[in-house]
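A closer look at the structure
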Amino acid sequence: MDYDVIIRGTGRYVPERVLTNDDFARIVDTSDEWITARTGIKERHIVAPGETASYMSEMAVRKALEMAGADPAEVELIVVPTVTPEHVYPATASVVQGRIGATKAACFDMNAACSSFIYALNVATNFLRVGQYKNALVIGSDIMTSIANYLDRNTCVLFGDAAAVLYLVAEPRSETPRGIRAFDLGSDGTAVDILYQYAGGSAAPPTPRTALDEGHFVYMEGPEVFKRAVRTMEQTVRDVIAKENVEPLEVDWFLAHQANSRIIQSTQKRLQVPAERVYINIQRYGNTTSASIPLCIDELNEEGKLKSGNKVVLFAFGAGLSWASCYLIWEGQRE
Ligand code: ACO
């Protein structure tokens, strides 16, 4: 049996502590003017002691489940896309399960770098579409400040911490198209070395040497990533909507992974769509990796800006070099 997969709850958790661009100007050789002009970021939130990936996830999940009127004990699947899991193992999803009491749920984490959230959304959607599970939590949760090098101005100013979640429910197929409709996923593994974290995996297990060599931090060739991101994001958006015979101008909301406002604006210009349909909140959060897209969805949902029937495209690009997009038709919350 084939089901419709509908977003019935959204939630987010953003730590209270804020680092502004001026704060960074006291740490590295940078300025509010440079960061604002080159990235669009004004401030980012960073965790305090105790605000772990699973804690942030729990807070976001409680809001989403409340919105959906769902009990944690009903949850059947928890997927946590993340590049900064709480531990190497167990899965952060299992830690979240224990925190919320989702005793029935299957749990695992996923990593496709900045594209992780959409990859995980695709996997969870497929479980629901075929009827293996009735519902799923997809929780983007990243503590990017745990892998940011605060001595490297090229990268440290870009990242922030947050968690955000979508609660998906499988519902009987409707005559009218609704819910999550299509995905486009991809990767170019020939360019893995322009954006990566060298150490901490099995190739370079953590040692005092890997720490001294700064191998546990984000390494990025920014301008090269930038160019590829713009080209690829435009293409993946076109590809995913073409699967449902939709044109760019028919789309109501373009929700991009928030890595740099200039990347998002360049993509918008290449797609030749109005800027008002492209949501940008990077000025408040920086790049929160797996949390960034559900953070956009939860904000828009809370503000009542997502209307039933709205056509929405999610799209992302990141290390791998991975990319992903999703086309969905928004359905409002149940009355
Ligand atoms: N403050 C001041 N100057 C800076 C800073 C800073 N924070 N950072 C870099 N600069 C300097 C550079 O050193 C360079 O100086 P130089 O010309 O004397 O060498 C100059 O600014 C220009 O640097 P560029 O790298 O050319 O600047 P650019 O306009 O490309 O912006 C940025 C850099 C913001 C990193 C941009 O390239 C970018 O956003 N790239 C893509 C990021 C992205 O998409 N990442 C993917 C997700 S991350 C993930 O997957 C985990």
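Note that the coordinates shown come from a computational prediction; the quantities given were computed from them, not determined experimentally.

Definitions and limits used
- Residues numbered from 1 in each chain as written.
- Predicted model: local features only at pLDDT ≥ 70, side-chain atom pairs only at ≥ 80, totals over all residues.
- Heavy atoms only, no water.
- Pairing = 2+ DSSP bridges.
- Helix = DSSP H or I, 4+ residues; strand = E, 2+ residues; numbered from the N terminus.
- Contact = heavy atoms within 4.5 Å.
- Axes fitted to C-alpha atoms, helices over the stretch in contact; angles between N-to-C directions.
- Disulfide = S-S within 2.5 Å.
- Salt bridge = Lys/Arg side-chain N within 4 Å of Asp/Glu carboxyl O.
- Buried < 20%, exposed > 50% of the residue type's maximum accessible area, 1.4 Å probe, protein only.
- Phe/Tyr/Trp six-rings, centres within 6.5 Å; stacked < 30°, edge-to-face > 60°.
- Near = heavy atom within 4 Å.
- Polar contact = N/O pair within 3.5 Å; in protein donor to acceptor, adjacent residues only side chain to side chain.
- Areas by Shrake-Rupley, 256 points an atom, 1.4 Å probe, with all protein chains shown as cover.
- Nonpolar A, V, L, I, M, F, W, Y, C, P; charged D, E, K, R; others polar.
- Domains from an automatic or database assignment.
- Arc of directions from axis to C-beta.
- Expected span 1.5 Å × (residues − 1).

Next up on the list: the sheet that holds strand β13 (residues 311–318). The sheet built from 5 strands is open, its strands ordered β8-β14-β13-β11-β12 with mixed pairing. The sheet is open, and its two borders are formed by β8 (179–187) and β12 (278–279), each paired with just one other strand. Inspection of the sheet shows β8 paired to strand β14 (residues 322–329) by 8 bridges, in the antiparallel sense. The partner of Ala-182 across the bridge, within β14, is Tyr-327. Against the sheet, helix α8 (residues 222–242) contacts β8, β11 (253–256), β13 and β14, and its axis sits at roughly 145 degrees relative to β13.

Across all of its chains, the model carries 0 disulfides by this definition. With no disulfide partner, Cys-156 has as its closest neighbouring cysteine sulfur the one in Cys-114, 16 Å distant. Free cysteine Cys-296: the closest other cysteine sulfur is in Cys-114, separated by 13 Å.

For the coordinates displayed, the defined rule picks out 26 salt bridges. A salt bridge links Arg-173 to Asp-4, with the nearest nitrogen and oxygen atoms 3.7 Å apart. Placement of Arg-173 in the loop between β7 (161–171) and β8 and of Asp-4 in strand β1 (residues 4–13) is noted, with a sequence separation of 169 residues between them. Lys-305 is the partner of Glu-303 in a salt bridge, and the nearest nitrogen-oxygen pair spans 2.8 Å. Accessibility expressed as a relative area gives 43% for Glu-303, which makes it partly exposed.

Enumeration over the complete set of coordinates arrives at 6 aromatic pairs. With a centroid separation of 5.9 Å and an interplanar angle of 5 degrees, the aromatic rings of Phe-24 and Tyr-150 are classed as stacked. Residue Phe-24 is found in helix α1 (residues 21–25), and its partner Tyr-150 is found in the loop between β6 (135–143) and α6 (153–156); the two are separated by 126 residues along the sequence. Ring geometry for Trp-253 against Tyr-279: centres 6.4 Å apart, planes inclined by 85 degrees, an arrangement best described as edge-to-face. Here Trp-253 is found in strand β11, whereas its partner Tyr-279 is found in strand β12, with 26 residues between them in sequence.

Here we come to the site of the ligand. Around the ligand, a shell composed of 23 residues is seen, among which Thr-30, Arg-38, Cys-114, Asn-260 and Arg-262 lie nearest. Thr-30 has a polar side-chain atom sitting 2.5 Å from a nitrogen atom of the ligand. Calculation on the ligand without its partners gives an accessible area of 1,000 Å², and the protein chains cover 75% of this total. Of all the secondary structure elements, the ones that give two or more residues to the shell around the ligand are α2 (32–39), α6, α8 and α9 (261–271). Sorting elements by how many residues they give to the shell around the ligand places α8 first, with 4 residues. Residues that form the shell around the ligand fall into these classes: 12 nonpolar, 7 polar and 4 charged. If you count residues domain by domain, the shell around the ligand takes at least three from each of domain 1 (3–172) and domain 2 (180–329).

The next thing to look at is the sheet that holds strand β4 (residues 77–81). Spatially, the 5 strands line up as an open sheet ordered β1-β7-β6-β4-β5, and their pairing is mixed. Among the strands making up the open sheet, the edge pair consists of β1 and β5 (106–110). Each strand axis lies, on average, 20 degrees off the axis of its neighbour in the sheet, ignoring direction. By the bridge criterion, 2 bridges tie β4 to β6 in an arrangement that is parallel.

Moving on, we come to α2. If you check which residues of α2 are buried, you get Asp-32, Ile-35 and Thr-39. The arc enclosing the buried residues of α2, seen along the axis, measures out at 85 degrees, which places them on a common side. Looking at the packing, one finds that the buried side of α2 touches α1, β3 (43–45), α9 and α10 (282–285). Gly-40 sits one or two positions beyond α2 and adopts a positive phi of about 85 degrees.

An ideal rise of 1.5 Å per residue puts 22 Å on 16 residues; helix α3 (residues 53–68) measures up with 22 Å between its terminal C-alpha atoms. Listed as buried for α3 are Ala-53, Ser-54, Met-56, Ser-57, Glu-58, Ala-60, Val-61, Ala-64, Leu-65 and Ala-68. Residues of α3 that are buried sit in contact with β1, α4 (92–100), β6 and β7. Among the residues trailing α3, Gly-69 stands out with phi positive, at a value near 65 degrees.

The next thing to look at is the pairing of β6. Burial runs high along β6: 9 of the 9 residues are buried. Along β6, one buried face is formed by Asn-135, Leu-137, Ile-139, Ser-141 and Ile-143 and the opposite face, lined by Ala-136, Val-138, Gly-140 and Asp-142, is buried too. As judged from the 9 bridges shared by β6 and β7, these two strands associate in the antiparallel manner. Bridging across to β7, Ser-141 finds its partner in Ala-163.

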